[in-house]
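What follows is each chain in one-letter form.
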Amino acid sequence: MRGDEDELKYQIIYGHANSPNYYGDIVRGLFVAADVIILLTMPFFYSKLSIPLMIPVAGVIISGLAAGFTSARFRWSMALNTAIAIMALALLEYCAFMNYRSPSMSSIYLFINQILTLLYFFALYYSVQTLRRWMK
């Protein structure tokens, strides 16, 4: 009978992601959902962006690649997901704040930014939960 730590190592080595402390599938889903929202709404709100257009485009590409590489076999993928979630969360909240202070504030743009911020916040939470378990 294997112990808890041995079971986690076995699951990681052989790619079993059914550990109660592996949330990579949830993080992947949150990244993909956020990327889809960004891609669908960017044509309508690119004029409201307070950052260059290439930053969200590159962010979607990087986030999509990270979602694709997320696996229980690759511990680095959860560290990468954590870093991406931190950067996206900070950037999206910055854009929402700049929009809120703008004289031509758009409530819909602010709402979408806050939804995206929440998605990346939960991605950050679940990424850190998995990292915390793996660092034991």
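Residues numbered from 1 in each chain as written. Predicted model: local features only at pLDDT ≥ 70, side-chain atom pairs only at ≥ 80, totals over all residues. Heavy atoms only, no water.

Trainee: Describe a nonpolar patch on the surface, listing the residues and the values that go with them.
Mentor: Where nonpolar side chains cluster on the molecular surface, the patch consists of Ile61, Leu65, Phe69, Phe74, Trp76 and Leu80 and spans about 590 Å² of accessible area. Elements supplying a minimum of two residues to the nonpolar patch: helix H3 (54–69) and helix H4 (75–101). Here the element with the most residues in the nonpolar patch is H3; it accounts for 3 residues. Topologically, Phe69 is positioned in helix H3. Overall, Phe69 belongs to the partly exposed group, its relative accessible area being 43%. (Patch = residues over 30% accessible without salt bridge, like charges linked within 9 Å, V, L, I, M, F, W, Y side chains within 5 Å. Areas by Shrake-Rupley, 256 points an atom, 1.4 Å probe, with all protein chains shown as cover. Salt bridge = Lys/Arg side-chain N within 4 Å of Asp/Glu carboxyl O. Helix = DSSP H or I, 4+ residues; strand = E, 2+ residues; numbered from the N terminus. Buried < 20%, exposed > 50% of the residue type's maximum accessible area, 1.4 Å probe, protein only.)

Trainee: Residues and numbers for H4, please.
Mentor: Every α-helix winds through 3.6 residues per turn, so residues three or four apart in the chain are directed the same way. With 27 residues, H4 extends 40 Å from end C-alpha to end C-alpha; this agrees with the ideal 39 Å at 1.5 Å per step. When H4 is considered as a whole, its buried residues turn out to be Ser77, Met78, Asn81, Thr82, Ile84, Ala85, Ala88, Leu89, Leu92, Cys95, Ala96 and Asn99. Buried residues along H4 sit in contact with helix H2 (24–45), H3 and helix H5 (107–134). (Expected span 1.5 Å × (residues − 1). Contact = heavy atoms within 4.5 Å.)

Trainee: Give a description of the packing of H4 against H5 that names residues and reports values.
Mentor: Here H4 crosses H5 at 155°, and the two axes come no closer than 8 Å. Relative to H5, H4 is oriented roughly antiparallel. In this structure, the crossing between H4 and H5 has a hand that is left-handed. Looking at the contact of H4 with H5 residue by residue, the classes come out as 21 nonpolar, 8 polar and 2 charged. (Axes fitted to C-alpha atoms, helices over the stretch in contact; angles between N-to-C directions. Parallel < 35°, antiparallel > 145°, perpendicular 65-115°, else oblique. Left-handed = near helix turned anticlockwise from the far one by under 90°. Nonpolar A, V, L, I, M, F, W, Y, C, P; charged D, E, K, R; others polar.)

Trainee: Break down the nonpolar core for me, with residues and values.
Mentor: Phe31, Ile38, Leu116, Tyr120 and Ala123 are the most contacted members of the largest nonpolar core, which totals 29 residues. Elements represented by at least two residues in this core include exactly H2, H3, H4 and H5. With residues up to four places along the chain from it excluded, the contact list for Tyr120 reads Phe31, Ala34, Asp35, Ile38, Ser63, Ala85, Ala88, Leu89 and Leu92. (Core = buried A, V, L, I, M, F, W, Y, C linked by side-chain atoms within 4.5 Å.)

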